[in-house]
Amino acid sequence: MNPAFAAFRARVDAGELIDVTALLAAPDGWLKRACLVYLARQDREVASDAELELIARALGGKLATYIAGILLMRRVRRDPSDAAARRDAANFAQAWLAKRL
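A. Molecular detail of the overall build of the chain. Scanning the chain from terminus to terminus reveals 7 helices and 0 strands. Ordered by position from N to C terminus, the α and β elements of the chain give α-α-α-α-α-α-α. In the chain, once contacts between residues fewer than 6 apart in sequence are set aside, the share between residues at least 24 apart is 57%.

This is the structure:
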């Protein structure tokens, strides 16, 4: 594993605050994408909703779709009685989200 990525994972796993803006400006494309994907995939809310939206806008594609699902999952987790959040999650049509709710 890339040492810089291993160090980043250790920081995330330790719960350190991550500067998403600085990460988006990182020059190493592979490292930047790997770190952002790892950050987005955390079940713990290491990145805020706004930071995840920033990542989705910056990288787009499949990661943006995945982040949209993460944000829906967070809405349902925060308020399980929110009927609109449950409806939106059901309509999201991504199998992984249905399995995790």
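Additional details are given in the paragraphs that follow.
B. Broad picture of the packing of helix H3 (residues 29-40) against helix H4 (residues 49-59). Orientation of H3 relative to H4, taken along the N-to-C sense of each, is 140 degrees, at an axis distance of 11 Å. Between H3 and H4, the angle is such that the two are oblique. The chirality of how H3 crosses H4 is left-handed. Judged by residue contacts, Arg33, Leu36, Leu39 and Ala40 of H3 engage Leu52, Ile55 and Leu59 from H4. In terms of residue class, the contact of H3 with H4 is made up of 6 nonpolar, no polar and 1 charged.

C. Quick peek at the packing of helix H5 (residues 61-78) against helix H6 (residues 83-91). H6 packs onto H5 with a crossing angle of 145 degrees between their chain directions and a minimal axis gap of 9 Å. Of the two possible hands of crossing, H5 and H6 adopt the one that is left-handed. Along the contact surface, H5 presents Leu72, Arg75 and Val76, while H6 presents Ala84, Ala85, Arg86, Asp88 and Ala89. Taken together, the residues of the contact of H5 with H6 break down into 5 nonpolar, no polar and 3 charged.

D. How the structure looks around the packing of aromatic side chains. By the definition in use, this model includes 2 aromatic pairs. Here the aromatic rings of Phe5 and Trp30 are separated by 5.9 Å at their centres, their planes lie at 75 degrees, and the arrangement is edge-to-face. Of this pair, Phe5 sits in helix H1 (residues 3-13) while Trp30 sits in helix H3, placing them 25 residues apart in sequence. When the ring of Phe5 is compared with that of Tyr38, the centres are 6.0 Å apart and the planes differ by 85 degrees; the resulting orientation is edge-to-face. Taken together, the residues span a long stretch of sequence, with Phe5 in helix H1 and Tyr38 in helix H3 at a distance of 33 residues. Residues Phe5 and Tyr38 agree in their burial class; the two are buried.

E. Expanded view of the pattern of salt bridges. Applying the stated criterion across every chain yields a total of 6 salt bridges. Where Arg78 meets Asp49, a salt bridge forms, and the shortest distance between an N and an O atom there is 2.7 Å. Taken together, the residues Arg78 in helix H5 and Asp49 in helix H4 connect sequence positions 29 residues apart. Shared partners join several salt bridges into a network, and the residues in it are Glu45, Asp49, Arg74 and Arg78.

F. Looking closely at the side chain of Arg74. Counting through the fold element by element, Arg74 comes out in helix H5. Residue Arg74 is classed as buried on the basis of its relative accessible area, which comes to 3%. A polar atom in the side chain of Arg74 sits 2.7 Å from the side chain of Asp49. Sequence-distant contacts of Arg74, that is, excluding residues within four places in its chain, are made with Arg44, Glu45, Val46, Ala47, Ser48, Asp49 and Leu52.

Calculation criteria
Every chain's residues receive numbers from 1 upward, in the order its sequence appears when written. Two thresholds apply to this predicted model, a pLDDT of at least 70 for residue-level local features and 80 or more for giving and counting side-chain atom pairs, whereas whole-chain, interface and lining totals are computed over all residues. Side-chain figures throughout are based on the complete set of non-hydrogen atoms in the structure, without hydrogens or water. The way it works is that DSSP assigns letters per residue, a run of H or I at least four long becomes a helix, a run of E at least two long becomes a strand, and they are numbered from the N terminus. In this analysis, two residues are considered to be in contact whenever any of their non-hydrogen atoms come within 4.5 Å of each other. Here the axes come from fitting lines to C-alpha atoms, over the contacting stretch only for helices, and the angles between their N-to-C directions go from 0 to 180 degrees. Should an angle fall under 35 degrees it is taken as roughly parallel, and over 145 as roughly antiparallel, whereas 65 to 115 is taken as roughly perpendicular and any remaining angle as oblique. Handedness of a helix crossing follows the sense of rotation of the near helix relative to the far helix, less than a right angle counterclockwise being left-handed and clockwise being right-handed. Gly counts as polar in this scheme, as do all residues outside two lists: the nonpolar Ala, Val, Leu, Ile, Met, Phe, Trp, Tyr, Cys and Pro, and the charged Asp, Glu, Lys and Arg. Aromatic rings from Phe, Tyr and Trp, taking only the six-membered ring of Trp, are treated as a pair when their centres fall within 6.5 Å; an angle between ring planes under 30 degrees marks them as stacked, one over 60 as edge-to-face, and anything in between as tilted. When a residue's accessible area, from a 1.4 Å probe over protein chains only, is under 20% of the maximum for its type it is buried; when over 50% it is exposed; and in between it is partly exposed. Salt bridges are defined as contacts in which a side-chain nitrogen from Lys or Arg sits within 4 Å of a carboxyl oxygen from Asp or Glu. What qualifies as a polar contact is a pair of N or O atoms within 3.5 Å, subject to a donor-acceptor requirement within protein and to the restriction that residues adjacent in sequence count only when both atoms come from side chains.

Any link to function would need more than the numbers given here.
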